[in-house]
Amino acid sequence: MGAPKGEGGKEESTAEEDTACSVLPSRIGGPGTSLPFVVESFLGWSLCFSCLAVSGYHYCKSIVFPPGWCYSVCRRARTLVRGLMGGWVLRLVRPSHAHHCPVTEECATEATWIPLTTHSRAELDGQSPWERYISLVRYLEMRHPEVLTPMIAMQPEETRGRMGSISERSLPSMKDLLSVKCNADAALVRALRRDDICRRLASLAMRPYDASQFEGTPAPIHRGSRPTTLLRQFPHNRLLQRMSKLWEHALVLPSLDECTSYYRLPSDATVPVASARCKRHRNDANYPYRTSLILPAYREKGSHLMSKLSTALEMAADPNEIEVVVVDAGGCSGLETLLSLAEGSGTANGEGQANTRCWGQVALFSFVSGGGRGPCLNFGGSVATGRILTFCHSDTTLPRDWDDRIVTALEREGRGSARANSCAFSFGIDTTPEGLSMPFESSASAYYPPGIKAVEKTANIRSRLFYLPYGDSVLSLHARIFDFLGGFPDQCLMEDYELVALLRRRAALFAPPSELLAPVSGTKEKVAIIPGTPALCSPRRWQKLGVLYVTYANSKFVNLYAGATKMGPDDLFQLYYGREPPKRDASASPWERRLANTLES
């Protein structure tokens, strides 16, 4: 993972240098290091592989051996022993009162849990699952009342036969009861799949949680420090039972046909500050562009972005089918010059098309809501109109034919046994003379950070072995899937980690049920790492701070966030940058504000 960044794509080097001593005991590495090149390179390689082992630990802990995996193994072993030797063997090694172990069953529930959408830490900690469940019921009553159709208890045939003719006429037939049940279940699946607010509320309500964390939450049936769920607390609740039974149906991704035919208008009505268009033909009735290249920019100069976008333009296979969305998160200058990249000119060729390569559209948007990188990226995704959303850092150089390679990974290779829910390029660092001299344009020499190749190698091993690419690898996914999964979490840091963690959890643990409710259909998923030429990240972070500091800081912050400490993104931001997290217009997420308006109306 790259060093934590601010609102847009460019890191705040001044803040990084000021807080370096708070992360490491002393400043080592960088242009002013006193360590010999060989020593610093050896330490860099050693630290990179140590951090790779930490990533492997987190992967095994959450995917391979999640909490409760031992319960699943023990349950299968007990079943095998009971079948071969009878239950008397189990009674000898375990007391009779220990047949029911709620703690291990709670662990098993947590082990198989896959949320429907991404969630920020504020959404998880702000309200308890019980409060989310109450909001879900109120929302369903207002927007989807057909989901809450009352179910009439079915009675045995012999009981109905002994009753009189009047009772027989008042009781519905079994066919009618099954029809009501199927219709209500189908309505619930539609609501969970098509309504963003409903999906988020259901995911927050059904998640495992620690009941002692929230005041006013109904006391769990089985007390203890292990997580529990609302379904375990209220096992006879009809709606919770139905959602648990239909959860796998709600998890299935939209099909490729739906992703390519889904009519998606920008969910945010914000008008661009400026735009230029050079679209020469229309190839899709639902999406004006095949790909939307989204670049968040913070304190960037137009000349730097012009250089990056010009390179990406030359590397694209069909730039006329690409929309470029530049999101100004503050402090940028000279962005209007980027519009010239979409103003085609020149002589026409034999087919009547201009020879000059140009983007299909370049749109400049101003993001003023604040909140950090997560809200900024979600804003860029909400105003984009492409079929595929490609999120690219402003300091990343894209490889040749990058647009065709993304489409191939997501659509053409996705029709096999395993479908790519997302894709990313291999990770690379631009160590060419031009790339090394970029941060030091006023200097005649270019500093080569010792151990920089270790960062490349271990990052690619992590991506391929643990399916955990970060934003530097240019994450791409269909716009329909981006909306379906809730986009990036609404937080200032670790937003890419959360989204990719959900994608790889789905790829590792979720298998679509054999019998799906129409029109749902799904296959096994994967996080695709595009082979070949990598996307090149700027080396300026490692040049300014050194490989040792950047690698240690990245691993430390991942551990603080995903480990036992569970430090929030705002606290991480303050620890890293030494200042308060970015201010925002409202403390609640956009979907929470829409929910509040709906419930108050």
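Residues numbered from 1 in each chain as written. Predicted model: local features only at pLDDT ≥ 70, side-chain atom pairs only at ≥ 80, totals over all residues. Heavy atoms only, no water.

1. What about the overall build of the protein?
For step 1, the next point in the chain: In terms of helices and strands, the protein carries 27 helices and 9 strands.
For step 2, the next point in the chain: In the protein, which comprises 601 residues, the share counted as buried stands at 53%.
For step 3, the next point in the chain: Long-range contacts, defined here as pairs at least 24 residues apart, represent 81% of the contacts in the protein between residues at least 6 apart.
For step 4, the next point in the chain: Accessible area for the protein stands at about 26800 Å²; split by element, carbon and sulfur atoms hold 56% of it. (Helix = DSSP H or I, 4+ residues; strand = E, 2+ residues; numbered from the N terminus. Buried < 20%, exposed > 50% of the residue type's maximum accessible area, 1.4 Å probe, protein only. Contact = heavy atoms within 4.5 Å. Areas by Shrake-Rupley, 256 points an atom, 1.4 Å probe, with all protein chains shown as cover.)

2. Looking at the packing of aromatic side chains
For step 1, the next point in the chain: Throughout the structure, instances matching the rule amount to 16 aromatic pairs.
For step 2, the next point in the chain: Ring geometry for Y576 versus Y577: centroids 5.0 Å apart, planes at 85°, classification edge-to-face. Comparing Y576 with Y577, the two get one shared label, buried.
For step 3, the next point in the chain: Seen from the ring of Y561, R121 lies directly overhead, with NZ or CZ sitting 4.0 Å from the centre.
For step 4, the next point in the chain: Positioned above the aromatic ring of Y577, the side-chain terminus of R579 is 5.7 Å from the ring centre. (Phe/Tyr/Trp six-rings, centres within 6.5 Å; stacked < 30°, edge-to-face > 60°. Lys NZ or Arg CZ within 6 Å of the ring centre and 35° of its normal.)

3. With respect to the side chain of R480
For step 1, the next point in the chain: Mapped onto the fold, R480 is located in helix α22 (residues 479-484).
For step 2, the next point in the chain: Polar side-chain contacts of R480 include one of 3.2 Å to the side chain of E258.
For step 3, the next point in the chain: Dropping the residues within four chain positions of it, R480 is found in contact with R193, P254, E258, C259 and Y262. (Polar contact = N/O pair within 3.5 Å; in protein donor to acceptor, adjacent residues only side chain to side chain.)

4. A closer look at unusual backbone geometry
For step 1, the next point in the chain: Located in the positive-phi region is Y467, a residue other than glycine, with phi close to 55°.
For step 2, the next point in the chain: Within the element layout of this structure, Y467 appears in the loop between α21 (452-466) and β8 (475-478).
For step 3, the next point in the chain: At V474, a residue that is not glycine, the phi angle is positive and equals roughly 65°.

5. A look at helix α27 (residues 590-600)
At 3.6 residues per turn, the α-helix brings residues three or four places apart onto the same side.
For step 1, the next point in the chain: Turning to α27, its buried residues are W591, E592, L595, T598 and L599. Around the axis of α27, the buried residues are gathered within 120° of arc, so they sit on the same side. With respect to the buried face of α27, the exposed residues turned more than 90 degrees away are N597 and E600.
For step 2, the next point in the chain: Next to the buried residues of α27 lie α7 (121-126), α8 (129-143) and α12 (196-206). (Arc of directions from axis to C-beta.)

6. Comments concerning the pattern of salt bridges
For step 1, the next point in the chain: For the structure on display, the rule yields 18 salt bridges.
For step 2, the next point in the chain: The residue K453 makes a salt bridge to E456 at a minimum N-O spacing of 3.6 Å. Here K453 and its partner E456 are both found in helix α21, 3 residues apart, which amounts to about one turn of the helix.
For step 3, the next point in the chain: Look at K453 and you get partly exposed, because its relative accessible area is 33%.
For step 4, the next point in the chain: Exposure remark for E456: the relative accessible area of 12% places this residue in the buried category.
For step 5, the next point in the chain: One connected set of salt bridges, linked through shared partners, spans E300, D395, D472, R540 and R541. (Salt bridge = Lys/Arg side-chain N within 4 Å of Asp/Glu carboxyl O.)

7. Quick notes on the pairing of strand β1 (residues 274-277)
A regular strand places its side chains so that they alternate between the two faces of the sheet.
For step 1, the next point in the chain: In β1, alternate side chains face the same way, and those of A274 and A276 are buried while those of S275 and R277 on the opposite face are not.
For step 2, the next point in the chain: Here β1 pairs with strand β4 (residues 361-366) via 4 bridges, running antiparallel. Among the inter-strand pairings, R277 is bridged to a residue of β4, identified as Q361. (Pairing = 2+ DSSP bridges.)

8. Comments concerning a nonpolar patch on the surface
For step 1, the next point in the chain: Side chains of W45, F49, I461 and L465 sit close together on the surface and give an oily, nonpolar patch of about 350 Å² of accessible area.
For step 2, the next point in the chain: Elements represented by at least two residues in the nonpolar patch include exactly α3 (37-64) and α21.
For step 3, the next point in the chain: Given a relative accessible area of 51%, L465 falls into the exposed group. (Patch = residues over 30% accessible without salt bridge, like charges linked within 9 Å, V, L, I, M, F, W, Y side chains within 5 Å.)

9. Details of the state of the cysteines
For step 1, the next point in the chain: Applying the stated criterion across every chain yields a total of 0 disulfides.
For step 2, the next point in the chain: Note on C392: no disulfide assigned, nearest cysteine sulfur contributed by C537 at a separation of 9.6 Å. (Disulfide = S-S within 2.5 Å.)

10. Comments concerning the nonpolar core
For step 1, the next point in the chain: Counting residues in hydrophobic clusters, the biggest one holds 97 residues, and the most contacted among them are M243, F391, Y497 and W542.
For step 2, the next point in the chain: Not counting residues within four places of it along the chain, the set of residues in contact with Y497 comprises L468, Y470, V558, Y561 and A562.
For step 3, the next point in the chain: One finds L398, A409, A420 and V474 within the second-largest nonpolar core, a separate group that totals 37 residues. (Core = buried A, V, L, I, M, F, W, Y, C linked by side-chain atoms within 4.5 Å.)

11. Some thoughts on helix α11 (residues 174-194)
For step 1, the next point in the chain: Compared with an ideal rise of 1.5 Å per residue, which puts 21 residues at 30 Å, α11 spans 30 Å between its outermost C-alpha atoms and is within 8% of the ideal.
For step 2, the next point in the chain: Three or more residues of α11 are buried, namely L177, A184, D185, A187, L188, V189, A191, L192 and R193.
For step 3, the next point in the chain: Residues of α11 that are buried make contact with α12, α14 (238-245), α15 (247-251) and α22. (Expected span 1.5 Å × (residues − 1).)

12. Here's the deal with the packing of α3 against α21
For step 1, the next point in the chain: For the pair α3 and α21, interaxial distance at closest approach is 9 Å and the crossing angle is 15°. With respect to α21, the element α3 is oriented roughly parallel. Classified by chirality, the crossing of α21 by α3 is right-handed. Residues G44, W45, C48, F49, L52, S55, G56 and Y59 of α3 form the contact with α21, whose own contacting residues are K453, A454, V455, K457, T458, I461, R462, L465 and F466.
For step 2, the next point in the chain: Of the residues that constitute the contact of α3 with α21, the class distribution is 10 nonpolar, 4 polar and 3 charged. (Axes fitted to C-alpha atoms, helices over the stretch in contact; angles between N-to-C directions. Parallel < 35°, antiparallel > 145°, perpendicular 65-115°, else oblique. Left-handed = near helix turned anticlockwise from the far one by under 90°. Nonpolar A, V, L, I, M, F, W, Y, C, P; charged D, E, K, R; others polar.)

13. Some words on the environment of W542
For step 1, the next point in the chain: Inspection of the secondary structure assignment puts W542 in helix α24 (residues 540-545).
For step 2, the next point in the chain: A relative accessible area of 2% places W542 in the buried class.
For step 3, the next point in the chain: Linking W542 and Y448, residues 94 residues apart in sequence, is a C-alpha distance of 8.9 Å.
For step 4, the next point in the chain: For W542, the contacting residues outside a window of four places in its chain are F427, I429, P449, I452, V455, C537, V547 and V550.

14. Some points on the packing of α8 against α14
For step 1, the next point in the chain: For the pair α8 and α14, interaxial distance at closest approach is 12 Å and the crossing angle is 90°. Judged by the inter-axis angle, α8 sits roughly perpendicular to α14. Residues Y133, L136, V137 and L140 of α8 form the contact with α14, whose own contacting residues are L239, L240 and M243.
For step 2, the next point in the chain: In the contact of α8 with α14, the residues fall into 7 nonpolar, no polar and no charged.

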